[in-house]
Amino acid sequence: MNHTSCDSGAQKPLQPLEVPSAIARIKSKIVVLSGKGGVGKSTVAANLAAGLALEGLKTGLLDVDVHGPSIPRIMGLAGIKPDMAGDTILPVEWNWNLKVVSMGFFLPNPDEPVIWRGPVKGGVIKQFLHQVAWGDLDCLVVDCPPGTGDEPLSVMQLLGPDAVALVVTSPQDVAIDDVRRSVAFCRELGNPVLGIVENLSGFHCHQCGTVHDIFKSGGGEKLAEASGVPFLGRIPIDTEVGKAADQGEAYLAVKGTSPAALAFRQVVLAAVAHTEAASATLRAGA
Ligand code: ADP
């Protein structure tokens, strides 16, 4: 894969774009990627951000999915328009620790498709990182559209090499193949992978209380092992997760001890550990 135009066909290393000063005030950056749509990437991003905020970390959640922004719905913020201070966007406060900005806040009509070419999308993403009053954040979680196209590329380049990826997959082989590409994408850009999460992994039956493996599971773990990246766990299909997302409630806040909530918690704890390590590195370099 080569995102630069190059006549010789040789791979040229991608250069990070200029780092805006706003980003320098963010200690850790976690970009949530998936190879395919519909594997629960936005659900994981929203729960991760909510979980970090509930752990007491100053958190930002940025949704750069131009074509299908679902964060406003999942976070119960649909229809909200952020305030502006001059040219600066004031993020919407989900709670005192979590600031949210989504492409969905700015689309005039959610029913109309957005037809933007790559450079336009890149410009908007730059604005979301540069011209938003994020303030001092412990962690910024970025929800990207699926695949390895313009948006994840712009996000990674703008955030720089210390941004890490959280790759969400479903257990099916076809999704796993796509995730392999996401991991390769991060490697090529020089961004570490925080870990792989297997969502929709088994079904949590609320009647008997157990998780049934209705499809095969474990593909994400095998892929993590083969790629040498941490495996952060399996999140089962849980009707409460979907219901909470539809109702705009952060799942972690409503169901604290179910298998899905415990699995989400593992992801949150990995992100907390990463943020602590990133803060320590920043302090050492200061
Ligand atoms: P993506 O961002 O990958 O396109 P979403 O996060 O929008 O996927 O999730 C797709 C659908 O699956 C949503 O309706 C969501 O509520 C549901 N969903 C995601 N994860 C789970 C889960 N673990 N259990 C039940 N429903 C889930």
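Residues numbered from 1 in each chain as written. Predicted model: local features only at pLDDT ≥ 70, side-chain atom pairs only at ≥ 80, totals over all residues. Heavy atoms only, no water.

Draft legend 1. Expanded view of the packing of helix H2 (residues 41-54) against helix H10 (residues 259-285). Remark: H2 packs on H10, axes separated minimally by 9 Å, with the N-to-C direction vectors making an angle of 60°. Judged by the angle between their axes, H2 and H10 are oblique. Relative to H10, H2 is oriented so that their crossing is right-handed. Along the contact surface, H2 presents Thr 43, Val 44, Asn 47, Leu 48, Gly 51 and Leu 52, while H10 presents Phe 264, Val 267, Val 268, Ala 271 and Val 272. (Axes fitted to C-alpha atoms, helices over the stretch in contact; angles between N-to-C directions. Helix = DSSP H or I, 4+ residues; strand = E, 2+ residues; numbered from the N terminus. Parallel < 35°, antiparallel > 145°, perpendicular 65-115°, else oblique. Left-handed = near helix turned anticlockwise from the far one by under 90°. Contact = heavy atoms within 4.5 Å.)

Draft legend 2. Representation of the side chain of Thr 59 within the structure. Position of Thr 59 relative to the elements: it lies in strand E2 (residues 59-63). Looking at Thr 59, its side chain comes within polar contact range of the main-chain oxygen of Leu 57, at 2.8 Å. (Polar contact = N/O pair within 3.5 Å; in protein donor to acceptor, adjacent residues only side chain to side chain.)

Draft legend 3. Summary view of the site of the ligand. Taken together, 16 residues lie around the ligand, and Gly 38, Lys 41, Ser 42, Thr 43 and Asn 199 are the ones closest in. In the model, an oxygen atom of the ligand is placed 3.1 Å from a nitrogen or oxygen of the Val 39 main chain. Between an oxygen atom of the ligand and a main-chain N or O atom of Lys 41, the distance comes to 2.8 Å. Alone, the ligand offers 560 Å² of accessible surface; in the complex the protein occludes 79% of this. For the shell around the ligand, the secondary-structure elements that each account for two or more residues are H2, strand E9 (193-204), strand E11 (231-237) and helix H8 (239-247). Broken down by class, the residue content of the shell around the ligand amounts to 7 nonpolar, 7 polar and 2 charged. (Near = heavy atom within 4 Å. Areas by Shrake-Rupley, 256 points an atom, 1.4 Å probe, with all protein chains shown as cover. Nonpolar A, V, L, I, M, F, W, Y, C, P; charged D, E, K, R; others polar.)

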